[in-house]
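# Architecture and fold: a report
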Amino acid sequence: MKKTVGVLFGGQSSEHEISCISAVTIISNIDKEEYQIILIGITKEGKWILTNSVEEIQSGAWKTGKIQAVLSPDATDKCLLLIEGSRVTKKKLDIVFPVLHGLYGEDGTVQGLLELARIPYVGCGVLASSVAMDKLYTKKIVDTLGIRQAAYVAVKKQELVKMEETIKRIESTLTYPVFVKPSNAGSSCGVSKAEDREDLIDGLMLAAEHDRKILVEEQIVGRELECAVLGGADSRASGVGEVLAAAEFYDYKAKYQSTESKTVIAPKLPMGKEEEIRKDAVTIFRALDGYGLSRVDFFLTEDTNEVVFNEMNTLPGFTSISMYPMLWEARGISKQTLIGKLLQSALVRFT
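Now for a look at the structure at hand. This one's a predicted model, so the numbers in the text were calculated from it and none came from an experiment.

Within the chain one finds eleven helices and 16 strands. The C-alpha radius of gyration of the chain comes to 21 Å, within 12% of the 20 Å expected for a compact globule of 351 residues. Dimensions along the principal axes, computed over C-alpha positions, put the chain at roughly 60 × 50 × 35 Å. Put simply, the chain has 351 residues, and 55% of those count as buried.

Turning our attention to the packing of aromatic side chains. As enumerated under the stated definition, the model contains four aromatic pairs in all. Judged by centre distance (4.9 Å) and plane angle (70°), the rings of Phe9 and Trp62 are edge-to-face. With Phe9 in strand S1 (residues 3-10) and Trp62 in the loop between helix H2 (54-59) and strand S4 (68-71), the pair connects residues that are 53 residues apart, well separated along the chain. Judged on exposure class, the residue Phe9 and its partner Trp62 are both buried. Ring geometry for Phe318 versus Tyr324: centroids 5.9 Å apart, planes at 50°, classification tilted. Across the pair, exposure class does not vary: Phe318 and Tyr324 are buried alike. The ring of Tyr137 carries the charged tip of Lys140 above its face, separated from the ring centre by 5.8 Å. Here Arg349 stacks its cationic end above the ring of Tyr121, 4.5 Å away from the centre of that ring.

For the rest of this paragraph, the subject is the sheet that holds strand S12 (residues 222-231). The five strands lie next to each other as S14-S13-S12-S15-S16, forming an open sheet whose pairing is antiparallel. Here the strands that pair on one side only, and so sit at the sheet edges, are strand S14 (262-265) and strand S16 (307-313). Across the sheet, the mean angle from the axis of one strand to that of its neighbour is 30°, orientation sign disregarded. Here six bridges tie strand S15 (residues 292-301) to S16, and the two strands are oriented antiparallel to one another. Within S16, the position partnered with Val296 by the bridge is Met312. Here helix H9 (residues 273-287) sits on the sheet and contacts S12, strand S13 (236-244), S15 and S16; the angle it forms with S15, its principal contact strand, is near 135°.

We now examine the nonpolar core. Phe97 and Leu343 are the most contacted members of the largest nonpolar core, which has 36 residues in total. Breaking this core down by element, the ones donating at least two residues are S1, helix H1 (16-28), strand S2 (35-42), H2, strand S7 (95-98), S12, helix H10 (323-329) and helix H11 (335-350). At six residues, H11 tops the list of elements feeding residues into this core. Once residues within four sequence positions are removed from consideration, Phe97 is found in contact with Val5, Gly6, Val7, Leu8, Ile26, Val122, Ile339, Leu342 and Leu343. One finds Val131, Cys227, Ala237 and Leu269 within the second-largest nonpolar core, a separate group that totals 24 residues.

Attention now goes to the packing of helix H6 (residues 163-171) against helix H7 (residues 197-208). Put simply, H6 and H7 touch, their axes get as near as 11 Å, and they point 110° apart. Taken together, the axes of H6 and H7 lie roughly perpendicular to each other. Judged by the twist between their axes, the crossing of H6 over H7 is right-handed. From H6, Met163, Glu164, Ile167, Lys168, Ile170 and Glu171 reach across to H7, where they touch Arg197, Leu200, Ile201, Leu204 and Met205.

A few words now on the pattern of salt bridges. By the definition in use, this model includes 19 salt bridges. Across the salt bridge formed by Asp77 and Lys90, the nearest N and O atoms sit 3.2 Å from each other. One end of the pair, Asp77, is in the loop between S4 and strand S5 (79-84); the other, Lys90, is in strand S6 (residues 87-92), and 13 residues separate them in sequence. Look at Lys90 and you get exposed, because its relative accessible area is 57%. Here Glu276 makes a salt bridge to Lys273, at a shortest N to O gap of 3.2 Å. Here Lys273 and Glu276 lie together in helix H9, a separation of three residues that amounts to about one turn. Among the residues examined, Glu276 registers a relative accessible area of 28% and is labelled partly exposed. When its relative accessible area of 17% is taken as the criterion, Lys273 is described as buried. By sharing partners, the salt bridges in this structure join Lys139, Lys181 and Glu217 into a single network.

Another aspect to go through is the sheet that holds strand S8 (residues 152-156). Each strand in a sheet pairs with another by means of backbone hydrogen bonds, the pair being arranged parallel or else antiparallel. Within the open sheet, the four strands sit side by side as S8-S11-S9-S10. Their pairing is antiparallel. Of all strands in the sheet, those with a lone pairing partner are S8 and strand S10 (192-194), marking the two edges. Geometrically, the sheet is characterised by an average inter-axis angle of 25° between neighbouring strands, direction not taken into account. Against the sheet, helix H5 (residues 135-142) touches S8, strand S9 (178-182) and strand S11 (213-218), its axis set at about 55° to S11. Along the sheet, H6 contacts S8 and S11; its crossing angle with S8, the most-contacted strand, is approximately 165°.

Reading the values: the criteria
- Residues numbered from 1 in each chain as written.
- Predicted model: local features only at pLDDT ≥ 70, side-chain atom pairs only at ≥ 80, totals over all residues.
- Heavy atoms only, no water.
- Helix = DSSP H or I, 4+ residues; strand = E, 2+ residues; numbered from the N terminus.
- Rg over C-alpha atoms; globule rule 2.2 N^0.38 Å.
- Buried < 20%, exposed > 50% of the residue type's maximum accessible area, 1.4 Å probe, protein only.
- Phe/Tyr/Trp six-rings, centres within 6.5 Å; stacked < 30°, edge-to-face > 60°.
- Lys NZ or Arg CZ within 6 Å of the ring centre and 35° of its normal.
- Pairing = 2+ DSSP bridges.
- Axes fitted to C-alpha atoms, helices over the stretch in contact; angles between N-to-C directions.
- Contact = heavy atoms within 4.5 Å.
- Core = buried A, V, L, I, M, F, W, Y, C linked by side-chain atoms within 4.5 Å.
- Parallel < 35°, antiparallel > 145°, perpendicular 65-115°, else oblique.
- Left-handed = near helix turned anticlockwise from the far one by under 90°.
- Salt bridge = Lys/Arg side-chain N within 4 Å of Asp/Glu carboxyl O.

Shape descriptors only; they carry no functional weight alone.
Written out as structure tokens, the structure is:
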């Protein structure tokens, strides 16, 4: 008997469009012999809509759907509530694949709803999702692991009213250039590079538009490398991929809008560095209580070839240029097999 999987896509974050593209890839690679698929789109305004087909997702027509589809938090139901006018029906769900990137999806919010409903779901749980989404608290945990990461200063939004004091505190720890980042934001939204004090003030104000916690980091000059992790207690790492960014740093535009950004699978690395990255990726994944999947990003410094941790993404992209599925394909795991493993791992966790 087929299991029913609900695929959530879209969402309220700045990565809404990327989520839709990732969802098309995932839906197209779910084994239709094993699973019946229910598509649930979430608009940028936060409305949940029943969607009929991949074609509707690709065209954007799903946003005009008339049937509201929301997850019931009632653990005795384990269902989707389909609302059409005054008529409400229930659709049982065996599993949910939340193909949501960024805030209000990858940050533990949807995971918390699914925990309440006791519906198995793909990917990291509430803790790993929320901590990995928060760059500052990820750094606090990785600080305990003995793995190098960029030096940083944490700034709270309310501190910007005393800008002079805040700038002096940053400058006493870091030297220019620095990167300024919202602690909670996806796809490098609100990130800027500051070459001097004036840039730093502008960067802090920009980051404050996205979050109340801000991270100011030293610049790491080097190669940008990524590693995929798969599994639960038996989690394992893929090989390593390299990002050749079209821009000075790999922001949203460089990732998704530039044809000049490229990814390289199995790049040539100094001896021992691939294994170091793979080991560190699994160590960080487990320290953050990861489950199912994550992509862990690093730098390899230009002059000294040191491995420096950057960030962990708990629901990495599944677009045609996304590193996570490509890294596993390089290891002989097709997209369909990979997605099957992810769905199965969700069921295993709940049993």
